[in-house]
Amino acid sequence: QVQLVESGGGLVQAGGSLRLSCAASGSIFRINAMGWYRQAPGKQRELVATITSGGITNYADSVKGRFTISRDNAKNTVYLQMNSLKPEDTAAYSCNADYRSTYYSPNREVWGQGTLGTVSS
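Throughout what follows, the structure given in this document is the object of discussion. (Residues numbered from 1 in each chain as written. Predicted model: local features only at pLDDT ≥ 70, side-chain atom pairs only at ≥ 80, totals over all residues. Heavy atoms only, no water.)

1. Thoughts on the pattern of salt bridges
And then number 1: Applying the stated criterion across every chain, the model contains four salt bridges.
And then number 2: Among the ionic pairs, Asp89 bridges to Arg66, the shortest N-O distance being 2.7 Å. In this pair, Asp89 is assigned in the loop between β8 (77–82) and β9 (91–100) and Arg66 in the loop between β6 (57–59) and β7 (67–72), connecting sequence segments 23 residues apart. One exposure class covers both Asp89 and Arg66, and it is buried.
And then number 3: Here the salt bridges share partners, and the residues they tie into one network are Arg38, Glu46, Arg66 and Asp89. (Salt bridge = Lys/Arg side-chain N within 4 Å of Asp/Glu carboxyl O. Helix = DSSP H or I, 4+ residues; strand = E, 2+ residues; numbered from the N terminus. Buried < 20%, exposed > 50% of the residue type's maximum accessible area, 1.4 Å probe, protein only.)

Below, the structure is given as structure tokens:
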């Protein structure tokens, strides 16, 4: 079984920065794509950014140029550097990983519990 634990959320003023981390632990053979998603109050969850095991990234249009996703494969950890934050970035941020526990295992998906990022105006 694999678990994801996020950290780094908090309260910041508009224009400020936050850096989120998400570490995977457990029975891991390989982690494929990892990503960050967010859900603002009263809204549906939306994709923020994803990164493949080879480092190919994808961003939501709303965060392009402000957020940077990266990962450390040796540590099974994904990061989200968030700069120039806006009040509309306030949300619960969750990480997601697509992984395999053994060479023969099917791909599975796991979610973290989330960390809250609040941006004040």
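2. Digging into the state of the cysteines
And then number 1: Applying the stated criterion across every chain yields a total of one disulfide.
And then number 2: Note on cysteine connectivity: Cys22 is disulfide-linked to Cys95, with sulfurs 1.8 Å apart. Taking the sign of the S-S torsion, about 50° here, the bridge from Cys22 to Cys95 comes out right-handed. Note that Cys22 is positioned in strand β3 (residues 18–26) and Cys95 in strand β9, a separation of 73 residues in sequence. (Disulfide = S-S within 2.5 Å.)

3. Details of unusual backbone geometry
And then number 1: The backbone of Asn76 shows a phi angle near 50°, a positive value even though the residue is not glycine.
And then number 2: For Asn76, the position within the fold is in the loop between β7 and β8.

4. Here we look at the sheet that holds β3
Working definition: the strands of a sheet are paired by backbone hydrogen bonds and lie parallel or antiparallel to each other.
And then number 1: If you trace the four strands from one edge of the open sheet to the other, you get β1-β3-β8-β7, paired in antiparallel fashion. What marks the edges here is a single partner per strand, and that holds for β1 (2–7) and β7. Taken pair by pair, the neighbouring strands of this sheet meet at an average axis angle of 15°, ignoring direction.
And then number 2: As paired elements, β7 and β8 share six bridges and run antiparallel to each other. Pairing of Ser70 across the sheet is with Tyr79, part of β8. (Pairing = 2+ DSSP bridges. Axes fitted to C-alpha atoms, helices over the stretch in contact; angles between N-to-C directions.)

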